[in-house]
Amino acid sequence: MEIKAVTANLLDCRVDAIIIGHFEGAKTPEGEAASVDRALGGAISRLVEKGDIKGKAGEVTILHSLGKLPAERIAVVGLGKRNELDANKVRAATAEVCRYLRNRGAVGLASALLGAGVIPSAIAAQAM
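Caption draft 1: Region of the structure containing the state of the cysteines. Per the stated rule, a full pass over the model turns up zero disulfides. The thiol sulfur of cysteine 13 is not disulfide-bonded, and the nearest other cysteine sulfur, from cysteine 98, lies at 14 Å.

Next up, the structure:
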């Protein structure tokens, strides 16, 4: 497996799937997830409103971009409660979503920095 850390616009990544995080109890997507949501015409927001995306730790929801993004799929991974987030929870969420995608044939993945802004970016990056 090859892992690279690069700075890029997530919306421009040509990969099998992009990964974004969502906190339990959050009413709307935040950060990079909000940008992806806008590109998908509010699809993530609608799923949050309907209760299909709850943000529980390790929960994975897949959406298809239907050509609205270069990535074929979007994986929304639950990060649990914002005030309980730490490096171990980021590590576990990353492992869960990567296993889930690998088992569905995804090879190339791009991810937002999960938990950045709640925990220091350097810690989030190392955990991922």
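Caption draft 2: Spotlight on helix H3 (residues 87-102). Relative to the 22 Å expected for 16 residues at 1.5 Å per residue, H3 spans 22 Å between its end C-alpha atoms, a close match to the ideal helical length. Those residues of H3 that sit buried are Val90, Ala93, Thr94, Val97 and Leu101. Seen from one end, H3 has its buried residues packed into an arc of 100°, which puts them on one side. Exposed positions of H3 whose direction lies more than 90 degrees from the buried face are Asn88 and Arg102. In this structure, the buried side of H3 is in contact with strand E1 (17-22), strand E2 (60-64), strand E3 (73-78), strand E4 (109-111) and helix H4 (121-127). The N-cap of H3, judged by a side-chain oxygen 3.1 Å from the amide nitrogen of asparagine 88 a few residues on, is aspartate 86.

Caption draft 3: Region of the structure containing the pattern of salt bridges. Under the counting rule described, the total for this entry stands at three salt bridges. One salt bridge in this structure joins glutamate 24 and lysine 56, with 3.5 Å as the shortest N-O distance. Residue glutamate 24 is found in the loop between E1 and helix H1 (32-39), and its partner lysine 56 is found in the loop between helix H2 (43-50) and E2; the two are separated by 32 residues along the sequence. A relative accessible area of 28% places glutamate 24 in the partly exposed class. Taking the shortest distance from any N to any O, the salt bridge between glutamate 96 and arginine 99 comes out at 3.3 Å.

Caption draft 4: The arrangement of the packing of aromatic side chains in detail. Enumeration according to the criterion identifies zero aromatic pairs in this entry. Sitting above the plane of the phenylalanine 23 ring, arginine 82 keeps its charged end 4.4 Å from the centroid. When the ring centre of tyrosine 100 is taken as reference, the NZ or CZ atom of arginine 104 above it lies at 3.5 Å.

Caption draft 5: Inspection of the nonpolar core at higher detail. By size, the foremost hydrophobic cluster in this structure holds 19 residues, and its most contacted members are Ile18, Ile20, Val36, Leu40, Ile44 and Ile74. Of the residues forming this core, the biggest block, three residues, is contributed by H2. Beyond its immediate sequence surroundings of up to four residues, isoleucine 44 is in contact with Ile20, Pro29, Ala33, Val36, Asp37, Ile53, Leu63 and Val76. Of all hydrophobic cores here, the second largest spans 18 residues; its members include Val60, Val77, Ile119 and Ala127.

The rules behind each value
Residues numbered from 1 in each chain as written. Predicted model: local features only at pLDDT ≥ 70, side-chain atom pairs only at ≥ 80, totals over all residues. Heavy atoms only, no water. Disulfide = S-S within 2.5 Å. Helix = DSSP H or I, 4+ residues; strand = E, 2+ residues; numbered from the N terminus. Expected span 1.5 Å × (residues − 1). Buried < 20%, exposed > 50% of the residue type's maximum accessible area, 1.4 Å probe, protein only. Arc of directions from axis to C-beta. Contact = heavy atoms within 4.5 Å. Polar contact = N/O pair within 3.5 Å; in protein donor to acceptor, adjacent residues only side chain to side chain. Salt bridge = Lys/Arg side-chain N within 4 Å of Asp/Glu carboxyl O. Phe/Tyr/Trp six-rings, centres within 6.5 Å; stacked < 30°, edge-to-face > 60°. Lys NZ or Arg CZ within 6 Å of the ring centre and 35° of its normal. Core = buried A, V, L, I, M, F, W, Y, C linked by side-chain atoms within 4.5 Å.

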